[in-house]
Amino acid sequence: MINTNIRHFVLCLLMLVPCVIEAQTDRDFIRQGNKAYRLKNFPQAEVQYRKALSKNNGNPQALYNLGCALMMQNKASEAVKFYQKASEVETNKLRKAKIYHNIGIICQSGKMYGDAIKAYSESLRNNPHDNETRYNLALCKKLQKNGKNNKQQQQQNDKNKENGKDKQQQQKDKPDKEKANPKQQQQQPQMSKDNAEQLLNAAMQQEQQTQQRLNRQQQQQQSRSLEKNW
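Residues numbered from 1 in each chain as written. Predicted model: local features only at pLDDT ≥ 70, side-chain atom pairs only at ≥ 80, totals over all residues. Heavy atoms only, no water.

Trainee: With reference to specific residues and values, describe the overall build of the chain.
Mentor: A tally of regular secondary structure across the chain gives 10 helices and zero strands. N-terminal to C-terminal, the α/β element order of the chain is α-α-α-α-α-α-α-α-α-α. Taken over 230 residues, the chain has a buried fraction of 23%. Taking the intrachain contacts of the chain between residues at least 6 apart in sequence as the baseline, contacts between residues at least 24 apart amount to 43%. In the form shown here, the chain has an accessible surface area of approximately 18,000 Å², with 51% of it arising from carbon and sulfur atoms. (Helix = DSSP H or I, 4+ residues; strand = E, 2+ residues; numbered from the N terminus. Buried < 20%, exposed > 50% of the residue type's maximum accessible area, 1.4 Å probe, protein only. Contact = heavy atoms within 4.5 Å. Areas by Shrake-Rupley, 256 points an atom, 1.4 Å probe, with all protein chains shown as cover.)

And the structure:
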C-alpha cells in the first residue's frame, strides 16, 4: 500500500515538472542566463537567452544580453545582428547607448573604422556624457585618417617601384640598341659654326697660296724658255 502511494506521488511529481518548465517566462530564462554569464559560462548563457527570446522575441534585454554572450565567444557578426535588433526595440537612451558602444567595439576590433565611427557617434547621441565612447570615437577617426594616408603612401611607393622598374628596363635596353647600331658610336661630334668657318678660311687661304706658287713657277718656266729662245 505504501509502495502504491509512493508510485502515485512520483507520477504526480513528473507530471508537474513540465508544467513548471512551461510556466517559466522570458524573464526567468534571462535570470538563468545572467547567472551563467557571471560564472563566465557564456555558451550556457547563450542558451538561456535564446530560450528567453523564444518566449518573447522582442525583449530588448534578452537581445542585448545574447549579443554580449555571443561577443564573449568571439561570434562578432552574430553579436552585431542581435545588438542591432536590440537597438530597434530599446527605448531607454542609456541602454541604447551601451548597445551602440558595443557595436563600435566590435567594428573597431575588426578595423572597420568607418562603421565604428557611426556606432560611437550614435552612442554619444543617446549618452553625450560617456567619455570612454568619446575617446574611442576620436581614436577611430585618427586610425581611419592614418589608414588612408598609409594607403596613399603605399600606392605612391608602388608607383615609384613601377617607374624604377621601367627606368631599369630602359637602361638594360639602351646597350642593346647601341650594339645594334655600332656606327652611331663612331660618329664624330658635330662641328660648331665657328670651327667650320675657320676651317673653310684656312682651306681657301691655302688654296690661294698654292695658286700663287703655281703662278710663280709658270712665270719662271716661261722666262727660262724665253732666255733659251733668245
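Trainee: Report on the pattern of salt bridges, specifying residues and quantitative values.
Mentor: Inspection of the entire model under this criterion finds six salt bridges. Glu78 is the partner of Arg50 in a salt bridge, and the nearest nitrogen-oxygen pair spans 2.7 Å. Of this pair, Arg50 sits in helix α3 (residues 42-55) while Glu78 sits in helix α5 (residues 76-89), and the two are 28 residues apart along the sequence. Here Arg50 falls in the partly exposed class, since its relative accessible area comes to 31%. By relative accessible area, which is 25% here, Glu78 ends up partly exposed. Between Glu90 and Arg95 there is a salt bridge, and its shortest N-O distance comes to 3.3 Å. (Salt bridge = Lys/Arg side-chain N within 4 Å of Asp/Glu carboxyl O.)

Trainee: Explain the packing of aromatic side chains to me, using residue names and the numbers behind them.
Mentor: Enumeration according to the criterion identifies two aromatic pairs in this entry. Geometrically, the ring pair formed by Tyr37 and Phe42 is edge-to-face, given 5.1 Å between the ring centres and 70° between the ring planes. Each ring, one from Tyr64 and one from Tyr83, has its centre 5.7 Å from the other, and the planes form 45°; the classification is tilted. On the criterion of sequence distance, the pair formed by Tyr64 in helix α4 (residues 60-72) and Tyr83 in helix α5 is long-range, its members being 19 residues apart. (Phe/Tyr/Trp six-rings, centres within 6.5 Å; stacked < 30°, edge-to-face > 60°.)

Trainee: Give me the lowdown on the nonpolar core, citing residues and values where you can.
Mentor: Membership of the largest hydrophobic core comes to 31 residues, with the highest contact counts inside it found for Tyr49, Leu53, Leu66, Phe82, Tyr83, Ile103 and Cys140. If you list the elements that add at least two residues to this core, you get α2 (26-38), α3, α4, α5, α6 (93-109), α7 (113-126) and α8 (131-180). Apart from the residues lying within four places of it in its own chain, the contact partners of Tyr83 are Tyr64, Gly67, Cys68, Met71, Ile99, Asn102, Ile103 and Ile106. (Core = buried A, V, L, I, M, F, W, Y, C linked by side-chain atoms within 4.5 Å.)

The values are spatial; any link to function lies outside them.
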